[in-house]
Amino acid sequence: AANDPVAMQFAHKMSNVIVKLEKGENFEGDIPADAEVYLLSTVPHAVIDLSTGDAAKDSYGEQAAIRCRQVSNTQYQAIVVPQNLTSHRPLVEVNMDDVSYLMEGKITYRPGMRHTITITLDQNPEQIKIDIGGKVEGWN
């Protein structure tokens, strides 16, 4: 105990993922306000090293779908345990108007970073575009 202030330093140890939905040339109408976005193929359980404060995916954890929080009609957000998804696998699913858009890709969720995934939607769920890692920045 002391009268002097104690300096404390904090840092994010998880990954922040932003999913942005954009209308493609052939997409008619507006993106529905009730769309649902899921991050797929991720392990949601972490192991924390108390000596360093680092978080890593639980090597015995099972993959699960993480439902993203809706920020606006076109932007969704999730907090993810840092991990590498190095093989081509289902990465993001968007459900809207009884249509499911499924995107495959590879990504490395890095600790303390914000990852932006931009998805360009088309009327045909088979003709969507996904831009992964176009923006990886510090997470404040």
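Everything that follows concerns the structure shown earlier in this document.
I will try to describe carefully the structure that is included in this document.

Section: the pattern of salt bridges
All told, the structure shown has 3 salt bridges when counted by the stated rule. Between Lys-23 and Asp-30 there is a salt bridge; the shortest N-O distance is 3.8 Å. Overall, Lys-23 belongs to the partly exposed group, its relative accessible area being 43%.

Here's the deal with the environment of Thr-116
If you trace the backbone, Thr-116 turns up in strand E10 (residues 113-121). Residue class for Thr-116 comes out buried when judged on its relative accessible area of 8%. Placed 40 residues apart in sequence, Thr-116 and Tyr-76 show a C-alpha to C-alpha distance of 10.0 Å.

Notes on unusual backbone geometry
In the Ramachandran plot, Asp-97 falls in the positive-phi region, its phi being about 50° despite a non-glycine side chain. Its location among the elements puts Asp-97 in the loop between strand E8 (83-96) and strand E9 (99-109). Residue classification places Asp-97 among the exposed residues on the basis of a relative accessible area of 57%. One non-glycine residue, Asp-98, adopts positive backbone phi at about 60°. Assignment of secondary structure puts Asp-98 in the loop between E8 and E9. Classification of Asp-98 as exposed rests on a relative accessible area of 86%.

Quick look at the environment of Pro-32
Mapping Pro-32 onto the fold places it in the loop between strand E1 (15-23) and strand E2 (36-42). Sequence-distant contacts of Pro-32, that is, excluding residues within four places in its chain, are made with Asn-73, Met-96 and Asp-97.

Cut-offs used in this document
- Residues numbered from 1 in each chain as written.
- Predicted model: local features only at pLDDT ≥ 70, side-chain atom pairs only at ≥ 80, totals over all residues.
- Heavy atoms only, no water.
- Salt bridge = Lys/Arg side-chain N within 4 Å of Asp/Glu carboxyl O.
- Buried < 20%, exposed > 50% of the residue type's maximum accessible area, 1.4 Å probe, protein only.
- Helix = DSSP H or I, 4+ residues; strand = E, 2+ residues; numbered from the N terminus.
- Contact = heavy atoms within 4.5 Å.

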